[in-house]
Amino acid sequence: MILWLWLCWGFSTSAGQPDSELMARYLEEELMADYSIMEQVARRVPRQAKFLQRLETRPRMSEFTVKSTIISRYAFTTVSCTMVNSGSEAREAVFEMQIPAAAFISNFTMSIGNKTYYGEVTGKEKKHNSDDKARHKKPPSPTDGRENGYETFKASVFIPRKMQAKFLLHYEELLQRRLGKYEYTVSIRPQQLVGRLRVEVNILENSGIVSLEVPPLRNSKHKGNGRVEGDVSPPPSTVVGHTKTLAKVTFNPSVVEQTRIARNGILGDFIIRYDVNRELSVGDVQILNGYFVHYFAPTDLPPLPKNVVFVLDSSASMVGTKLKQTKEALFTILQDLRPEDHFNIIGFSNRIKVWQQDRLVPVTPNNIRDAKKYIHNMSPTGGTNINGALQTGAKLLNDYIAQNDIDARSVSLIIFLTDGRPTVGETQSSKILSNTKDAIREKFCLFTIGIGNDVDHRLLERMALENCGMTRHFQEDEDAASHLKGFYDEIGTPLLSDIRVDYPEDNVEQVTQNFFPNYFNGSEIIIAGKLINHTSDSLHVEVTASNSKKYILLKTDVAIDLPSRNDIRGVPGLEDGKGDKNYIERAWSYLTIKELLNSRLKSDDNQEKDYLMEKAKSMALTYNFVTPFTVLKMREAGLHSEPPQEEFISPSTDGIGEKLQSLQGHKAPPGIRRQQDKQRIKISKTSADGDPHFVIDCPSSKFSICFNIDGEPGDILRLVSDHKESGVTVNGQLIGAPAPPNGHKKHRTYFSTITILSNKPERSYLEITPKRIILDDGERLLLSCDRSAVVRSSSLEVSISANSNITVTIRDTISFVVLIHHYKKPAPYQRDHLGFYISNSKGLSSVSHGLLGQFLNHEVKLLQESLNTSHQQVGQNQTEALQPNPTNTLKVKGRLVPVVWKQRRIYNGQQEVDCWFAKNADKLIDGSYKDYLASHPFDTGNSFGTINSL
């Protein structure tokens with residue numbers, strides 16, 4: 001049969017140029033059934049005989065499989081590759097795999113013929129002389145040359161004649177969120193067509209998977225942000241399926257489909273992007289077997305103002321495409337600046353040229369136009385004075401901050417771009433680093449960008465690390481404009497500053513970085529640590545941060561479930577799991593090692609550097625990670641060892657999947673003490689709650705009065721109207737529900753929305769529902785009612801007790817409490833609703849009005865009417881002696897209102913109130929019911945018939 005194949009191929013070449021796709025289809029249909037021939041299929045899909053003869057000199061790849069499991073952003077990847085030597089002599093086979101530079105290799109095994117070799121991670125030893133180095137073959141490891149965030153793992157072996165070699169590579173990484181998405185990438189570059197090629201990725205995210213997408217293969221060697229317009233269709237043969245928390249993506253192209261993509265076997269990068277459900281809360285905290293990981297990425301926050309200085313290399317080496325693309329990117333970036341931002345531009349070569357001397361200018365149409373002209377006129381010339389440019393930029397920004405009354409919570413930063421090394425002025429890297437650090441003085445952050453191969457990557461990386469920034473590197477022939485714009489998009493929208501995450505000191509240890517100068521839109525803050533209090537059944541978490549004019553405190557208690565509950569057997573996609581890897585523990589070790597490496601890179605003290613190196617090395621050896629301080633050495637297994645198996649060894653997924661304990665800041669189970677959220681708040685009896693039932697506390701008279709309002713669903717009631725004086729208005733919107741059986745009412749009504757408006761000292765409003773709160777004081781903030789939080793600005797504080805109540809304090813003299821009523825299994829006549837309570841009314845004026853406000857500053861007297869109808873005023877000490885039989889009357893603003901004695905429960909039934917009940921509310925209140933109807937939730941009219949809007 002093989003001879004017949006060769007004859008057919010010879011006939012095709014003599015007749016004309018062969019159709020490789022047609023031949024591939026024939027091979028696939030006719031030969032794939034025969035497994036012995038299938039392993040040689042890839043070798044038999046040449047485009048011409050000459051190409052075939054050349055390929056005959058190397059082993060062929062018969063199988064290439066990648067299987068990955070991503071659990072809460074932590075990815076375990078296994079690459080399996082089989083190569084066949086069908087020749088008559090031993091031949092060298094080279095296994096290459098591009099992996100993310102941020103990943104750690106955790107295992108490597110290869111089987112050659114009947115021998116098996118396994119990788120052992122050992123500490124890297126210092127090499128004493130070149131002779132020893134020459135005598136030893138370099139073990140398989142990532143190559144030194146990195147390609148923009150990726151590096152190549154390479155292993156070469158000789159395969160005996162008529163035998164095969166199998167390679168198994170394992171690596172792990174923690175996915176980083178950029179531009180609102182996690183991106184997982186698998187490099188598929190086997191350099192030849194493969195008979196069996198398959199990629200399978202399983203994703204498990206307890207928070208819920210959203211925005212899952214698989215764009216076309218990225219077949220360029222460039223590895224930028226990869227966001228190309230038109231990224232719509234997945235690669236051929238891709239199958240995507242997912243539930244709320246699980247997703248499975250497979251890519252299994254046939255030989256024919258491979259040839260349609262690339263006949264040289266370089267298919268490109270297979271990419272999966274996704275995000276998870278999130279909200280402004282303490283974040284997603286997950287705990288497993290004594291370790292925790294905390295993901296914090298709030299949404300729906302207004303951006304902070306920016307003070308940014310662009311420092312751009314205009315030396316002679318930037319001539320041509322690099323400078324042109326830099327200009328194009330800056331044109332787009334300038335258009336994206338917001339009106340509240342300030343900026344300046346510095347161009348540098350051997351000379352430093354500042355666009356606007358000694359100042360930052362606001363974003364206006366004229367300033368943007370002039371800035372574009374300045375950038376357009378930049379021309380490449382001279383050398384590269386990196387030190388001088390950074391000193392000038394830092395002084396410019398420092399002076400602006402010191403001399404101007406800038407927003408205390410604005411974010412200041414320098415964006416620095418270069419394509420070379422320092423050649424003018426100070427050229428010593430250590431001196432440039434110390435000068436830059438001294439100039440910045442931790443007052444703002446420095447972000448660095450390198451273009452091309454002549455850049456001092458280490459210098460740019462360390463400058464960014466030492467000054468709370470990030471760094472990026474792009475190749476010369478890449479689309480620098482789109483990558484530069486993509487990098488700016490990552491840092492162009494700061495949402496929070498001075499973020500601090502705290503846990504009880506007696507509960508945790510070895511916590512990774514927990515203070516962050518800035519949080520940018522689309523990114524994510526990750527903290528991990530170890531639990532030391534194994535008797536505690538909860539972990540208290542607090543997050544403090546600043547957002548524009550607001551101070552935010554988020555807090556919760558996270559339940560620590562028993563180990564018996566962390567069982568996910570039967571979760572789809574994990575049936576073959578055999579490993580025992582705690583993914584949270586490995587995420588903690590991954591972050592800790594990364595931080596140790598960064599700390600060592602920033603350190604100038606040799607003793608400290610050695611200590612950090614040894615600590616990182618020890619942890620890497622414990623978790624079997626290949627790092628700069630460890631190396632992978634190959635050992636031959638025993639004589640009877642089994643060759644590496646194709647099965648994917650998955651991590652332990654206890655507590656993950658559909659059965660994962662939901663720890664997204666959720667309410668602790670019964671029995672857990674929640675001292676932070678259970679503290680009682682001071683409230684008065686003055687309230688509107690339930691159907692709705694109104695209660696007015698009269699402290700001077702030492703009694704309470706109560707009445708009911710039977711409104712219509714959709715009506716908006718004015719509860720407090722004091723817009724002209726204190727600037728405060730409270731409106732409540734009604735929602736309807738059927739009346740209970742045998743009731744006297746045709747329907748029930750409840751408050752579904754409470755709107756609190758204030759225009760002093762500045763405009764702001766709160767819109768509260770049982771599920772969420774919108775706070776808008778010129779900048780919109782969305783909060784969830786099931787997460788404890790505190791938001792504080794100069795004149796307003798909002799404190800949320802999860803699923804319980806919201807306290808609103810205005811200028812420290814007015815306080816309202818909004819009670820949240822949730823029903824787990826509501827009856828037909830029940831609805832989730834709100835109750836409104838006035839806790840402090842000192843700041844409201846004497847002329848405040850509304851259904852509640854009108855009674856706050858007016859005296860109410862109680863009269864008892866005897867049988868001869870003569871009125872007798874009841875003293876304060878006589879109130880308790882009154883009996884319900886006689887007819888009692890209230891005197892309110894000169895009106896006489898019949899009342900009866902009644903008991904009423906308020907505040908979720910926790911408090912019982914004795915009150916005088918007015919059956920006819922129209923006699924008690926000023927005017928009539930219709931006078932208290934607002935036209936919309938933001939209506940601030942405080943006199944009958946008057947309509948205003950905030």
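All values derive from a computational prediction rather than experimental measurement.

Here we come to the packing of helix 7 (residues 321-336) against helix 8 (residues 365-376). Helix 8 packs onto helix 7 with a crossing angle of 170 degrees between their chain directions and a minimal axis gap of 10 Å. Looking at the two axes, helix 7 sits roughly antiparallel to helix 8. Contact residues: helix 7 offers Lys 327, Leu 330, Phe 331, Leu 334 and Gln 335, while helix 8 offers Ile 368, Ala 371, Lys 372, Ile 375 and His 376.

To continue, consider unusual backbone geometry. Here the bond from Asp 691 into Pro 692 is cis, since omega is -5 degrees, no more than 30 degrees from zero. Positionally, Pro 692 belongs in the loop between strand 32 (687-689) and strand 33 (693-698). The residue after Lys 760, namely Pro 761, is reached through a cis peptide bond having omega -5 degrees. One non-glycine residue with positive phi stands out, namely Gln 510, at about 50 degrees. By secondary structure assignment, the location of Gln 510 is in the loop between strand 26 (508-509) and strand 27 (515-520).

In this structure, Thr 889 sits in strand 48 (residues 887-892). Classification of Thr 889 as buried rests on a relative accessible area of 5%. The spacing of Thr 889 and Leu 862 is 27 residues in sequence and 5.9 Å in space, taken between C-alpha atoms.

Before going further, it helps to examine helix 14 (residues 606-623). Because each turn of an α-helix spans 3.6 residues, side chains separated by three or four positions end up pointing in the same direction. End to end, helix 14 covers 26 Å across 18 residues, agreeing with the expected 26 Å (1.5 Å per residue, within 8%). Within helix 14, the full set of buried residues consists of Lys 609, Leu 612, Met 613, Ala 616, Lys 617, Met 619, Ala 620 and Tyr 623. For helix 14, the N-terminal cap is Asp 605; the gap from its side-chain oxygen to the backbone nitrogen of Gln 607 is 3.0 Å. Just downstream of helix 14 lies Asn 624, where phi reads positive at about 60 degrees.

Of the residues in the protein, 78% have a pLDDT of 70 or more, and the chain-wide mean is 80. Note that pLDDT drops below 50 for residues 128-138; the model gives that stretch 2 contacts with residues more than four away or on any other chain. Here residues 874-885 is a poorly scored stretch, pLDDT under 50, and it has 19 contacts once near neighbours within four places are set aside; other chains count.

Conventions used here
- Residues numbered from 1 in each chain as written.
- Predicted model: local features only at pLDDT ≥ 70, side-chain atom pairs only at ≥ 80, totals over all residues.
- Heavy atoms only, no water.
- Axes fitted to C-alpha atoms, helices over the stretch in contact; angles between N-to-C directions.
- Helix = DSSP H or I, 4+ residues; strand = E, 2+ residues; numbered from the N terminus.
- Parallel < 35°, antiparallel > 145°, perpendicular 65-115°, else oblique.
- Contact = heavy atoms within 4.5 Å.
- Buried < 20%, exposed > 50% of the residue type's maximum accessible area, 1.4 Å probe, protein only.
- Expected span 1.5 Å × (residues − 1).
- Polar contact = N/O pair within 3.5 Å; in protein donor to acceptor, adjacent residues only side chain to side chain.
- pLDDT = per-residue confidence, 0-100.

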